[in-house]
Amino acid sequence: MVACSSYGVDSGSMDMLNPDVPDDVFADVRTQVSHFVRSRVVPRELEIMNTDSIPEDLRGQSAEMGLFGYAIPQEWGGLGLNLIQDVEIAMELGYTTLSLRSMFGTNNGIAGQVLVGFGTEEQKAKWLPGMAAGDIVASFALTEDGAGSNPAGLKTTAAVDGSGWVINGSKRYITNAPIANMFVVFAKLDPKPESGNGIAVFLVPADTAGIQVGVKDAKMGQQGSGTADVTFTDVRVEADALVGGNGDIGYKAAMTSLARGRVHIAALAVGQAQRALDESVSYAAASTQGGEPIGNFQLVQAMIADQQVGVMAGRAMVREAARAWVQEIDRRIAPSAVKLFCTEMVGRVADLAVQIHGGAGYMREVPVERIYRDVRLLRLYEGTSEIQRLIVGGGLIRAEQKRNS
Ligand SMILES: Cc1cc2nc3c(=O)[nH]c(=O)nc-3n(C[C@H](O)[C@H](O)[C@H](O)COP(=O)(O)OP(=O)(O)OC[C@H]3O[C@@H](n4cnc5c(N)ncnc54)[C@H](O)[C@@H]3O)c2cc1C
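Small disclaimer: the values here were computed from a predicted structure and weren't measured. (Residues numbered from 1 in each chain as written. Predicted model: local features only at pLDDT ≥ 70, side-chain atom pairs only at ≥ 80, totals over all residues. Heavy atoms only, no water.)

Observations regarding the confidence of the model for the protein chain
- Mean pLDDT for the protein chain: 94, with 96% of residues reaching 70 or above.
- Considering only residues more than four positions removed or in separate chains, one finds that residues 1-16, a stretch of pLDDT under 50, has 45 contacts. (pLDDT = per-residue confidence, 0-100. Contact = heavy atoms within 4.5 Å.)

Regarding the packing of helix α9 (residues 298-326) against helix α10 (residues 333-357)
- α10 packs onto α9 with a crossing angle of 160 degrees between their chain directions and a minimal axis gap of 9 Å. Between α9 and α10, the crossing angle belongs to the class labelled roughly antiparallel. Crossing of α9 over α10 shows left-handed handedness.
- Tallied by class, residues from the contact of α9 with α10 come to 20 nonpolar, four polar and one charged. (Axes fitted to C-alpha atoms, helices over the stretch in contact; angles between N-to-C directions. Helix = DSSP H or I, 4+ residues; strand = E, 2+ residues; numbered from the N terminus. Parallel < 35°, antiparallel > 145°, perpendicular 65-115°, else oblique. Left-handed = near helix turned anticlockwise from the far one by under 90°. Nonpolar A, V, L, I, M, F, W, Y, C, P; charged D, E, K, R; others polar.)

Side note on the site of the ligand
- Taken together, 19 residues lie near the ligand, and F140, T143, S149, T384 and E386 sit nearest.
- Between the ligand and the protein, one listed contact pairs a nitrogen atom with a backbone N or O atom of Y173 at 2.8 Å.
- For the ligand, the accessible surface in isolation is 970 Å², of which the surrounding protein chains cover 64%.
- Counting atoms within 2 Å of the grid points, the majority share of the ligand lands in the largest pocket.
- Counting residues per element, the ones that place at least two in the shell around the ligand are β3 (164-175) and α12 (385-404).
- Tallying contributions element by element places β3 first for the shell around the ligand, with four residues.
- Of the residues assigned to the shell around the ligand, the class counts are nine nonpolar, six polar and four charged. (Near = heavy atom within 4 Å. Polar contact = N/O pair within 3.5 Å; in protein donor to acceptor, adjacent residues only side chain to side chain. Areas by Shrake-Rupley, 256 points an atom, 1.4 Å probe, with all protein chains shown as cover. 1 Å grid on protein atoms, 1.4 Å probe; cavity = no way out; pocket = protein on both sides within 12 Å on 5 of 7 lines; lining within 4 Å. Sits in = over half its atoms within 2 Å of the grid points.)

Notes on the layout of surface pockets
- By volume, the largest pocket amounts to about 1,200 Å³.
- If you trace the largest pocket, you find 38 residues lining it, with T143, L380, Y381, E382 and G383 closest to the centre.
- When contributions to the lining of the largest pocket are tallied by element, the ones reaching two or more residues are β3, α8 (250-286), α11 (367-374) and α12.
- Considering each element in turn, the lining of the largest pocket owes the most residues, five residues, to α8.
- Roughly 510 Å³ of volume is contained in the second largest pocket.
- If you list the elements that add at least two residues to the lining of the second largest pocket, you get α6 (110-118), α8 and α9.
- Broken down by element, the lining of the second largest pocket gets its largest block of residues, five residues, from α6. (Points joined across faces, edges and corners; volume = space filled by probe spheres on them.)

Re the side chain of N108
- Mapped onto the fold, N108 is located in helix α5 (residues 98-108).
- The exposure class of N108 is buried, given its relative accessible area of 1%.
- At 2.8 Å, the side chain of N108 and the backbone oxygen of L67 are in polar contact.
- Of the polar contacts made by the side chain of N108, one reaches the backbone nitrogen of Y70; its length is 2.7 Å.
- When sequence neighbours within four positions are dropped, the list of residues in contact with N108 reads L67, F68, G69, Y70, A71, I72, Q113 and R260. (Buried < 20%, exposed > 50% of the residue type's maximum accessible area, 1.4 Å probe, protein only.)

A few points about α12
- Over its 20 residues, α12 runs 29 Å from end to end, which matches the ideal 28 Å to within 8%, given 1.5 Å per residue.
- Buried within α12 we find S385, I387, Q388, I391, V392, G394 and G395.
- Residues of α12 that are buried make contact with α8 and α10. (Expected span 1.5 Å × (residues − 1).)

Quick look at empty space enclosed by the protein
- Here the structure, examined in full by the defined rule, presents three cavities of 30 Å³ or more.
- The computed volume of the largest cavity comes to approximately 80 Å³.
- Listing elements by their share of the lining of the largest cavity, those giving two or more residues are α5 and α8.
- At four residues, α8 tops the list of elements feeding residues into the lining of the largest cavity.
- The class makeup of the residues in the lining of the largest cavity is four nonpolar, five polar and four charged.
- The calculated volume of the second largest cavity comes to roughly 70 Å³.
- What lines the second largest cavity is R101, S102, G105, T106, I110, T175, Y381 and E382.
- Here the element with the most residues in the lining of the second largest cavity is α5; it accounts for four residues.

See the structure below:
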């Protein structure tokens, strides 16, 4: 049993930003997602963790609710939520096992946004409706051995072959690879063009000859979502697989999609922090030592206070960063700053939650133990905390130097 959380906080009117989905319709969507998460998914968390999979009925309900395409524009069959709305949904989804969100996270986020932002009309028409419906799962395949934090180290190549391309290389830790129908694959053009960085991105059906998906990785947390290596051996695609028909937009597409995703990840972190806080408050109010509820001890109250402060600060920061993104005020510093703060914050909040639970917090099947492991990933993927610091600090210094030059 968890205590009531405080998502009723007014997020402000979005009318001035003219979202595709008006406020009243969005309020219904959010209520439905919140109800689904709390009444359908939270009771199944142990099943998801122990089976390391999302039950088919929950996948079906997610698809029916439009969750595979909430951030895909309506003209392509999605719900068309903007990022201000997306983060509100992410804070709701973050309240339960993060593996649920992972199932449709790549369609809406890192993979889907490459198509939405950089695909041709034909590419969008071919892929986005199926992705929005949940019939197609797309994976974002960028990371390789030696090319995680820095894509400049990419070794995967794409060479012209008649009317199409041949892709060779190996990717690792690719979310949803075991269930993917399509890979958004980043590769260096071979030979390197005279201008530009030569990083291109391709849309490759998962059943194309030469693709091998490795065994599912054994991860620390987020059981229920799968990652794997993906190897491309002489994988041939036609010219229309090149995103945007342009061999030089891969780097920009990756950076833009990742930056947007960072605001979303920060919102997930806030959702998990809220859940860890609620679990902590419930436990502390009821569990006793020497006949006294541990929540009556001021040192326990102090831990709860620190959790609450983190949640409130994170939520406010997420909303500000999402607004800055939608209004095109800041699409670089704010996404990194908010991901850095919120993912570090949830790490501390989860750690405090384990502490508040005492020995129980170390036991498998107690929610805060799972949260402690699950949120560790948030500081690693879509840019580590160190990379976020470099983007924020380096960005501010470069801007100042430019002003002074
Ligand atoms: C569960 C999971 C799911 C993932 N899903 C995907 C996915 O769907 N698609 C995908 O493409 N990738 C995915 N990744 C990969 C993920 O984005 C990378 O693991 C991450 O970006 C870090 O890269 P790396 O593992 O190569 O570590 P490295 O880049 O080698 O980093 C190791 C350490 O060095 C530090 N470091 C690196 N460069 C610098 C620098 N310049 N200055 C200071 N410190 C530095 C890092 O901060 C880190 O502490 C996933 C990873 C995991 C674990």
